[in-house]
Amino acid sequence: MSVLLHGALIGVLVYGYLQFRRPPPPVTALAIDATVVSQSTLDAARRPAPSTPAPPAPAPAPAPTPPPEVEQVPPPPPDPAVKLAAQQAEAAHEAAAAKAEAAQAKAAADRDAAREAARQAAAAQQREAAEAQAKEKEKAEREAKAKAKAAEQAEAQAKAAAAAKAQAQAQAAASQAELQKSIAAEERLDAARNSGAMSSWAAQIQARIQRAWIRPPSARGGLDCTLYVTQVPGGEIVNVKLGSCNGDDAVKQSILDAAYRASPLPPPPDPALFERNLELYFRPTD
């Protein structure tokens, strides 16, 4: 469309030029009457003659006739149809140029918008990729922390299990040692008892209490009482109870007093024979 409009405009301009073109007015040539002389003639003419009188001056040349005046014919007025066609063509050309310029501006705006959309899409893609990478990194860090924590817990549990096992083994060993010690003590005590040492120690204690006894007036012969004595290491008596006894109250009280006066009791011949609670018999001889 733009090419057609330009072609129409050029055609209108050529047509107008052909219509208004006129041939130039003729130029009138002027005739000049002159004589050609040489340089030597001119030099001789410039030198004054010595004695001859000067020739008469030549008659002045007639003035040149001015050329006749040429009447200026104004160009004919332009054809209205041609002028209108030229104006329409110019308006069409301007409209086409404006339309082409608008199309170019729209195309440039479309290109800019496309470039901006592509830039925004690339930026959004980069942001999404960065966010995905950050999420993956965070997930990997969480998994690593969870694995490290699980390994830590497993190691702590293994250590606790090993410590508990070691403690159980130590307790078992201690219990076994204590058991062996108790068994050995029991065996030693049984051996001491079977050897008569326990009976001898009990007889010594009973004799000590009887020596400390102050016989009351109401005491009769054939006295037979049972004493339950509690002592601490070192032989000090801390408690005395009277069991069965065939004496009266005065006799019973005198036996309790005698037991306290006999404190501290003699030590056993073997430390393994020591008993905190003793059952003794108070049977004084008449």
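Residues numbered from 1 in each chain as written. Predicted model: local features only at pLDDT ≥ 70, side-chain atom pairs only at ≥ 80, totals over all residues. Heavy atoms only, no water.

A. Focus on the overall build of the chain. Of the regular secondary structure elements, the chain holds five helices and three strands. Counted from the first residue to the last, the chain has its helices and strands arranged as α-α-α-α-β-β-α-β. The buried share of the chain, reckoned over its 286 residues, is 16%. Of the contacts formed within the chain by residues at least 6 apart in sequence, a portion of 74% connects residues at least 24 apart. Carbon and sulfur atoms make up 59% of the accessible area of the chain, which totals about 22000 Å². (Helix = DSSP H or I, 4+ residues; strand = E, 2+ residues; numbered from the N terminus. Buried < 20%, exposed > 50% of the residue type's maximum accessible area, 1.4 Å probe, protein only. Contact = heavy atoms within 4.5 Å. Areas by Shrake-Rupley, 256 points an atom, 1.4 Å probe, with all protein chains shown as cover.)

B. Focus on helix 5 (residues 249–261). When the terminal C-alpha atoms of helix 5 are compared, their 18 Å separation across 13 residues agrees well with the 18 Å that a helix rising 1.5 Å per residue should span. Among the residues of helix 5, Val 251, Ser 254, Ile 255, Leu 256, Ala 258 and Ala 259 are the ones counted as buried. Looking at the buried positions of helix 5, the neighbouring elements they touch are helix 4 (197–212), strand 1 (225–231), strand 2 (237–245) and strand 3 (277–282). (Expected span 1.5 Å × (residues − 1).)

C. Molecular detail of the packing of aromatic side chains. Throughout the structure, instances matching the rule amount to one aromatic pair. Seen in terms of ring centroids, Trp 213 and Phe 282 are 5.1 Å apart; in terms of plane orientation they differ by 80°. Their pairing is edge-to-face. Of the two residues, Trp 213 sits in the loop between helix 4 and strand 1 while Phe 282 sits in strand 3, which places them 69 residues apart along the sequence. As far as the burial class goes, Trp 213 and Phe 282 line up, both buried. (Phe/Tyr/Trp six-rings, centres within 6.5 Å; stacked < 30°, edge-to-face > 60°.)

D. Geometry of the nonpolar core. Ile 209, Leu 227, Ile 255 and Phe 282 are the most contacted members of the largest nonpolar core, which totals 28 residues. In terms of residues, this core owes the most to one element, helix 4, which gives six residues. Sequence-distant contacts of Phe 282, that is, excluding residues within four places in its chain, are made with Ile 209, Gln 210, Trp 213, Leu 223, Asp 224, Cys 225, Leu 227 and Ile 255. (Core = buried A, V, L, I, M, F, W, Y, C linked by side-chain atoms within 4.5 Å.)

E. Representation of the sheet that holds strand 3 within the structure. Strand order across the open sheet formed by three strands is 2-1-3, with antiparallel pairing between neighbours. Here the strands that pair on one side only, and so sit at the sheet edges, are strand 2 and strand 3. On average, adjacent strands in this sheet sit at an angle of 25° to one another, irrespective of strand direction. Here six bridges tie strand 1 to strand 2, and the two strands are oriented antiparallel to one another. (Pairing = 2+ DSSP bridges. Axes fitted to C-alpha atoms, helices over the stretch in contact; angles between N-to-C directions.)

F. Inspection of the pairing of strand 3 at higher detail. Here strand 3 shows one buried face, formed by Leu 278, Leu 280 and Phe 282, and one open face, formed by Asn 277, Glu 279 and Tyr 281. Relative to strand 3, strand 1 is paired through six bridges, and the arrangement is antiparallel. Considered in strand 3, the bridge of Tyr 228 is made with Glu 279.

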